[in-house]
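Reading the structure
So the chains spell out like this:
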Amino acid sequence: MIRQRTAFVIAAAGIFMAVSALAMHDARYDAVGAFYAPLSYTDPVFEPRVVEPLVDPPVFPYGCHNTFGYNSAEHNPEDDSITITYFDRTSDQQAGRCIWPFFSPNPSATGLIHTQTYHVNQTFAYACRDFDDHTKVYLYQYKGTSLLQGARSFVFVHFEMKVPERVPCTFPDYLIHTVDVYDARDFDQIYDLDYYVGPPEGADDHYTTYVEPVRYAVPITPLYVDPYPPSWLDEDSTEGWITDITHNTNDSVTITYQDLQEYGHVPGTDHVHTYVSGQTFLVHCMEWKDVTWLNIYSYRGSEMREYGGEHVEVLVFANFKAYTRVPIPCTYPEVLIETTDAFDASRFDRQYDIAKMI
């Protein structure tokens, strides 16, 4: 009888200790999680945008590339969830989330690595940056996966928050305690989100070969907005296949391209095209493994700017690099002709901080 009572007391004590430990864990979770409560009532800074990186992304040998906030991600087909592995990218060198291929962080040296699984429609922060008077938090809503001509991509709705209250950017706390803090269920009703849903009825070979892959290409560099004074064009406008830009009296631009070989542009291969404000076009592309690398420009018209104390007219181009999820023929000059206006840049001003990039 005494042994039974003793066993009961020990068992009860064990249960009490386990419950107490669980309560302490929950209390710590609540205490830490409370720091991230301001996210629940802060509005996105810019209109959310759809981001659809390949499940198995290409690795390009040069350039500064967006890693989408994580080091690696694995699709779990049984429930369509995603398991993401993060490195601690809070240092100044990595704060912009744009990684050079030769820079390989070594989190194993410090243990700053975190893995977490998310389910369809969950929201979560993937990056956090402290500023003097606010905290910038970058979030995703995970929407599952999509297939573009057999290539599977993750589907994220990306949005950013500028939180006036200081939110701790401690790794990995901001990853753990921001899951579903923000309710993004109304995004589909509020915003014009451009998910890939397949080719339209009656789509021809031109659409599926060129337009569809470019329209749903994955941007992987920051969006730059560059003003070019016409006096600079001769020496500064030779990116990709471009050799000359002429500003016309109706505010359109005429761009001259030449094919590229190992030692530069090839004389006698000129291709000339005129674009009006708002048009988007390629200036170069490169077939790379199972995708095609794109250099995309969007002409934004001319405006007056101050340079050296003088007001001069400049031509404004938004430009970025992207990859297609399936390869397209990169044949000069056909690819320039076939892909004009394939990428929709009309949402740039609503979805990106254009002003600070000019």
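Reference entry: report on the structure contained in this document. (Residues numbered from 1 in each chain as written. Predicted model: local features only at pLDDT ≥ 70, side-chain atom pairs only at ≥ 80, totals over all residues. Heavy atoms only, no water.)

Description of the sheet that holds strand 12 (residues 242-247)
In spatial order, the strands read 12-13-16; together these 3 strands make up an open sheet with antiparallel pairing. Here the strands that pair on one side only, and so sit at the sheet edges, are strand 12 and strand 16 (271-275). Ignoring which end each strand starts from, the neighbouring axes of this sheet average 20° apart. Note: strand 13 (residues 253-257) against strand 16, 5 bridges, orientation antiparallel. Its bridge partner lying in strand 16, threonine 254 is registered against threonine 274. (Pairing = 2+ DSSP bridges. Helix = DSSP H or I, 4+ residues; strand = E, 2+ residues; numbered from the N terminus. Axes fitted to C-alpha atoms, helices over the stretch in contact; angles between N-to-C directions.)

Let's talk about helix 4 (residues 205-215)
Since the α-helix turns once every 3.6 residues, residues separated by three or four places project in the same direction. Among all positions in helix 4, only Tyr207, Tyr210, Val211, Glu212, Pro213 and Val214 are buried. Taken together, the buried residues of helix 4 touch strand 8 (135-148), strand 18 (291-307), strand 19 (310-324) and helix 6 (334-338). The backbone nitrogen of histidine 206 has a side-chain oxygen 3.3 Å away, supplied by the residue at the start of helix 4, namely aspartate 204. (Buried < 20%, exposed > 50% of the residue type's maximum accessible area, 1.4 Å probe, protein only. Contact = heavy atoms within 4.5 Å. Polar contact = N/O pair within 3.5 Å; in protein donor to acceptor, adjacent residues only side chain to side chain.)

As for the pattern of salt bridges
Applying the stated rule across the entire model yields 12 salt bridges. Close ionic contact of arginine 300 with aspartate 349 constitutes a salt bridge, the shortest N to O distance being 2.8 Å. Pair noted here: arginine 300 is in strand 18 and aspartate 349 is in helix 7 (residues 348-351), with a separation of 49 residues, a long-range link. Classification of arginine 300 as partly exposed rests on a relative accessible area of 26%. Assessed through its relative accessible area of 47%, aspartate 349 is described here as partly exposed. Bridged by salt links that share partners, the residues Asp194, Arg215, Asp344 and Arg347 form one connected network. (Salt bridge = Lys/Arg side-chain N within 4 Å of Asp/Glu carboxyl O.)

Looking at the state of the cysteines
With the rule as written, the count across this model stands at 2 disulfides. The disulfide that involves cysteine 128 links it to cysteine 169, with 2.0 Å between the sulfurs. Given an S-S torsion of about -65°, the disulfide between cysteine 128 and cysteine 169 has left-handed geometry. In this pair, cysteine 128 is assigned in strand 7 (residues 123-130) and cysteine 169 in the loop between strand 9 (151-163) and helix 2 (173-176), connecting sequence segments 41 residues apart. According to the relative accessible area criterion, cysteine 128 is buried, its value standing at 8%. A relative accessible area of 14% places cysteine 169 in the buried class. Disulfide partner of cysteine 285: cysteine 330, at an S-S distance of 1.7 Å. Across the S-S bond of cysteine 285 and cysteine 330 the torsion is about 130°, and the bridge reads as right-handed. (Disulfide = S-S within 2.5 Å.)

Comments concerning unusual backbone geometry
For residues other than glycine, phi is negative in most cases, and the peptide bonds are mostly trans. In this chain, phenylalanine 171 is followed by proline 172 through a cis amide linkage whose omega measures 0°. With omega at -5°, the peptide bond leading from tyrosine 332 into proline 333 counts as cis. Take proline 333: it is sitting in the loop between strand 19 and helix 6. Of note in this structure, asparagine 121 is not a glycine but carries a positive phi near 80°. In this structure, aspartate 180 takes a positive phi of about 60° despite not being glycine. Tracing the backbone shows aspartate 180 in the loop between helix 2 and helix 3 (187-190).

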